[in-house]
Amino acid sequence: MPMLLLWVSVVAASALAAPAPGTDRQRRRAAPAPNVVLVVSDSFDGRLTFHPGSQVVKLPFINFMKTYGTSFLNAYTNSPICCPSRAAMWSGLFTHLTESWNNFKGLDPNYTTWMDVMEEHGYETQKFGKLDYTSGHHSISNRVEAWTRDVAFLLRQEGRPVVNLIPNKAKERVMEADWRNTDRAINWLRKEAINYTKPFVLYLGLNLPHPYPSPSSGENFGSSTFHTSLFWLKKVSHDAIKIPKWLPLSEMHPVDYYSSYTKNCTGKFTDKEIKNIRAFYYAMCAETDAMLGEIILTLHQLDLLQKTIVIYTSDHGELAMEHRQFYKMSMYEASAHVPLLIMGPGIKANQQVSNVVSLVDIYPTMLDIAGIPLPQNLSGYSLLPLSSEPSKNKRKVKNLRPPWILSEYHGCNVNASTYMLRTNQWKYIAYSDGVSVLPQLFDLSLDPEELNNIAAKFPEITYSLDQKLRSIINYPKVSASVHRYNKEQFIMWKQSIGQNYSNVIANLRWHQEWLKNPEKYENAINQWLKTHIASQFE
């Protein structure tokens, strides 16, 4: 695409002509507040934004942001699923503080977000596309699966992941809804934002590269189709695609086995199937990059790029058949590691930051950009000191920001509340009450594929990290709270459908297995409802 490369070089020249990045905070405060554009995609694996992952697919605009801005090499979601992750991003608070437990329980609709605060302080604001921080896309199946996740049964909740290719070589706009929202954002920039005398903040939420619902089985069977065209597939370097290593089913962590089973991934997959799923996913990432590019090019055309801080991130990643799974809902890198890139006035160019950061940092960063005092109760920290402060202050900044991030998960496809503490060296994952399910410990520098759980091998490190995790969050208590919530919600739902209960629950996404022995599964639910929460949870 020569025209794209031409535009990238033009924009690059414009960026190079911009004021030197790295100005100190007082000078930044004295200058007019910059505009802010935040683009958030869905399910984008953050490891694709740096080497060696960056070699597998052409992402010219992400590369442009890397060259002329700051990229964060260790950025994480605070909950690896859409709504809870976005609730953390828009509130600046950890998931257990917002009690956004699943894809339909997010922030209160009247919650004061960072955008509300910026509007109160004089910013013009606009948002387009996927928001999902009060409630997300979900079916009755999603709800029931989340509530009954620790019932003693295994039922497939998803459709087996497949690929679907559009043969039209010239088809660029595959995800039409995302392109429409991108067009709406561009039109707003051209017709509204360009005329503002006050600074503006624009949010664009994309659904890509999230897999599509399977049309052959209907929405209730699960979003499991990786869908693209030859146009985008040509951007993928097939030789660079790795077939991930899997542990044998018998050696999988019990929670991983549950996830793999409910995601319909315990059967046989050929190397070709796995490689195709990964290739199609990367092609979907290339289409996402192009939408980001349209925003960047429009800012350039309107002479707004030098006055605007652009941030790109995602709500979570995509496993794409790593660890015998697709989708997210996991603390493994493919699911939990997100892209995070910032460029614009005052932001250092061509800088890579290794500090662990997470999506709760978006809220304080947005306010810091606008020069708005930060509330004291936030879970996150502004990213500006890491991306724009003089190097002489770096040490002080590192001491202020804790050397860890927290992620937690409480939804479907995982049969225990999950908590990740990520430090520079370690990834520690605890489950449930900290007793009934064994933890996991990975040294990512030695084991980037996360195949060797060394928790039992290093008990002192495991204990130390667990104590640190408990000082941040009383996770057995949180697990108990979610457990109670799930039972209460399930009982309310069961009562609401009355005599239709047996028929309705049998015909959710798991119907093919349920209908083989409906009495067995109904009895398992009844037993679960009778069981009191163990005292160790309290």
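Residues numbered from 1 in each chain as written. Predicted model: local features only at pLDDT ≥ 70, side-chain atom pairs only at ≥ 80, totals over all residues. Heavy atoms only, no water.

- In the nomenclature of an unreviewed UniProt entry, the protein chain corresponds to Arylsulfatase K from the organism Marmota monax.
- The protein chain has a UniProt comment under Sequence similarities (unreviewed entry) that states "Belongs to the sulfatase family."
- Word for word, the UniProt comment on the protein chain under Function (unreviewed entry) is "Catalyzes the hydrolysis of pseudosubstrates such as p-nitrocatechol sulfate and p-nitrophenyl sulfate. Catalyzes the hydrolysis of the 2-sulfate groups of the 2-O-sulfo-D-glucuronate residues of chondroitin sulfate, heparin and heparitin sulfate. Acts selectively on 2-sulfoglucuronate and lacks activity against 2-sulfoiduronate." (UniProt positions renumbered as here; feature names shortened; annotations may be inferred.)

1. Focus on the overall build of the protein chain
Here is step 1 of the chain: Across its full length, the protein chain carries 20 helices and 15 strands.
Here is step 2 of the chain: Buried residues in the protein chain amount to 60% of all 538 residues.
Here is step 3 of the chain: In the protein chain, the share of contacts with a sequence separation of at least 24, taken over all contacts with a separation of at least 6, comes to 77%.
Here is step 4 of the chain: For the protein chain, the accessible area works out to roughly 22100 Å², and carbon and sulfur atoms hold 51% of it. (Helix = DSSP H or I, 4+ residues; strand = E, 2+ residues; numbered from the N terminus. Buried < 20%, exposed > 50% of the residue type's maximum accessible area, 1.4 Å probe, protein only. Contact = heavy atoms within 4.5 Å. Areas by Shrake-Rupley, 256 points an atom, 1.4 Å probe, with all protein chains shown as cover.)

2. As for the sheet that holds strand β13 (residues 418-423)
The strands that make up a sheet pair up through hydrogen bonds in the backbone, lying either parallel or antiparallel.
Here is step 1 of the chain: The strand order across the open sheet built from 4 strands is β12-β13-β14-β15, with neighbouring strands paired in antiparallel fashion. What marks the edges here is a single partner per strand, and that holds for β12 (404-409) and β15 (440-443). Each strand of the sheet is rotated relative to its neighbour by a mean of 15°, with strand direction disregarded.
Here is step 2 of the chain: Taken together, the 5 bridges between β13 and strand β14 (residues 426-431) define a ladder with antiparallel strand orientation. If you follow Thr418 over to β14, its bridge partner there is Tyr431.
Here is step 3 of the chain: Most of the contacts of helix α16 (residues 459-472) go to β14, to which it runs at about 70°, and overall it touches β12, β13, β14 and β15. (Pairing = 2+ DSSP bridges. Axes fitted to C-alpha atoms, helices over the stretch in contact; angles between N-to-C directions.)

3. Describing the side chain of His227
Here is step 1 of the chain: The residue His227 is located in strand β7 (residues 223-229) in this model.
Here is step 2 of the chain: A residue is classified by how much of its surface remains accessible, and His227, at 13% relative accessible area, is buried.
Here is step 3 of the chain: A distance of 2.9 Å separates a polar atom in the side chain of His227 from a polar atom in the side chain of Asn164. (Polar contact = N/O pair within 3.5 Å; in protein donor to acceptor, adjacent residues only side chain to side chain.)

4. A few points about the packing of aromatic side chains
One pair of aromatic rings is described through two measures. These are the centre distance and the angle between the planes.
Here is step 1 of the chain: In the structure shown here, the tally under the stated rule is 26 aromatic pairs.
Here is step 2 of the chain: On the numbers, 4.7 Å between centres and 25° between planes, the contact of Trp90 with Tyr133 is stacked. With Trp90 in helix α4 (residues 82-91) and Tyr133 in the loop between β3 (124-129) and α7 (140-147), this residue pair connects regions lying 43 residues apart in the sequence.
Here is step 3 of the chain: Note on Phe231 and Trp232: the rings are 4.8 Å apart at their centroids and 85° apart in plane angle, and the pair reads as edge-to-face.
Here is step 4 of the chain: Overall, the relative accessible area of 13% leaves Phe231 in the buried class.
Here is step 5 of the chain: Three or more aromatic residues joined by ring pairs make a cluster, and in this case those are Trp90, Trp114, Tyr133 and Tyr203. (Phe/Tyr/Trp six-rings, centres within 6.5 Å; stacked < 30°, edge-to-face > 60°.)

5. Brief notes about helix α17 (residues 475-497)
Here is step 1 of the chain: Between its first and last C-alpha atoms α17 spans 33 Å; for 23 residues at 1.5 Å apiece the expected length is 33 Å, and the two agree.
Here is step 2 of the chain: Residues Tyr475, Pro476, Val478, Ser479, Ala480, Val482, His483, Tyr485, Asn486, Lys487, Phe490 and Trp493 constitute the buried set of α17.
Here is step 3 of the chain: At the C-terminal side of α17, Gly498 shows a positive phi close to 55°. (Expected span 1.5 Å × (residues − 1).)

6. Re unusual backbone geometry
Here is step 1 of the chain: In this chain, His51 is followed by Pro52 through a cis amide linkage whose omega measures 5°.
Here is step 2 of the chain: By secondary structure assignment, the location of Pro52 is in the loop between β1 (35-41) and α3 (60-68).
Here is step 3 of the chain: Between Leu208 and the following residue, Pro209, the backbone shows a cis peptide bond with an omega angle of -5°.
Here is step 4 of the chain: Mapped onto the secondary structure, Pro209 falls in the loop between β5 (200-205) and β6 (212-213).
Here is step 5 of the chain: Not every positive phi belongs to a glycine, and Ser43 is a case in point at roughly 70°.
Here is step 6 of the chain: Mapped onto the elements, Ser43 comes out in the loop between β1 and α3.
Here is step 7 of the chain: Non-glycine residue Tyr327 carries a positive phi angle of around 75°.
Here is step 8 of the chain: If you trace the backbone, Tyr327 turns up in the loop between β8 (308-314) and α12 (333-336).
Here is step 9 of the chain: For Tyr327, a relative accessible area of 7% corresponds to the buried category.

7. A word on empty space enclosed by the protein
Here is step 1 of the chain: Within the structure shown, the criterion is met by 2 cavities of 30 Å³ or more.
Here is step 2 of the chain: The calculated volume of the largest cavity comes to roughly 100 Å³.
Here is step 3 of the chain: Forming the walls of the largest cavity are 15 residues, and the residues nearest its centre are Asp256, Met329, Ser330, Met331 and Tyr431.
Here is step 4 of the chain: If you tally residues by element for the lining of the largest cavity, the top one is helix α10 (residues 254-262), at 3 residues.
Here is step 5 of the chain: A class-by-class count of the residues in the lining of the largest cavity yields 9 nonpolar, 5 polar and 1 charged.
Here is step 6 of the chain: Computed from the structure, the second largest cavity encloses a volume of approximately 80 Å³.
Here is step 7 of the chain: Surrounding the second largest cavity, 13 residues form its lining, Asp361, Ser379, Tyr381, Trp404 and Ile405 being those nearest its centre.
Here is step 8 of the chain: Contributions of two or more residues to the lining of the second largest cavity are made by β11 (351-358) and β12. (1 Å grid on protein atoms, 1.4 Å probe; cavity = no way out; pocket = protein on both sides within 12 Å on 5 of 7 lines; lining within 4 Å. Points joined across faces, edges and corners; volume = space filled by probe spheres on them. Nonpolar A, V, L, I, M, F, W, Y, C, P; charged D, E, K, R; others polar.)

8. Here we look at the layout of surface pockets
Here is step 1 of the chain: What the largest pocket holds in volume is close to 920 Å³.
Here is step 2 of the chain: As for the largest pocket, its lining consists of 32 residues, of which Arg47, Pro52, Gly53, Lys242 and Pro448 are closest to the centre.
Here is step 3 of the chain: Among the secondary structure elements, those contributing two or more residues to the lining of the largest pocket are β2 (69-76) and α11 (271-301).
Here is step 4 of the chain: The residue makeup of the lining of the largest pocket, split by class, is 12 nonpolar, 10 polar and 10 charged.

9. Here we look at the environment of Gly46
Here is step 1 of the chain: Relative to the assigned elements, Gly46 resides in the loop between β1 and α3.
Here is step 2 of the chain: Classification of Gly46 by relative accessible area gives buried; the value is 0%.
Here is step 3 of the chain: Note: C-alpha distance between Gly46 and His337 (291 residues apart in sequence) is 5.2 Å.
Here is step 4 of the chain: Look past the residues within four positions of Gly46 in its chain and what remains in contact with it is His337, Val338 and Pro339.

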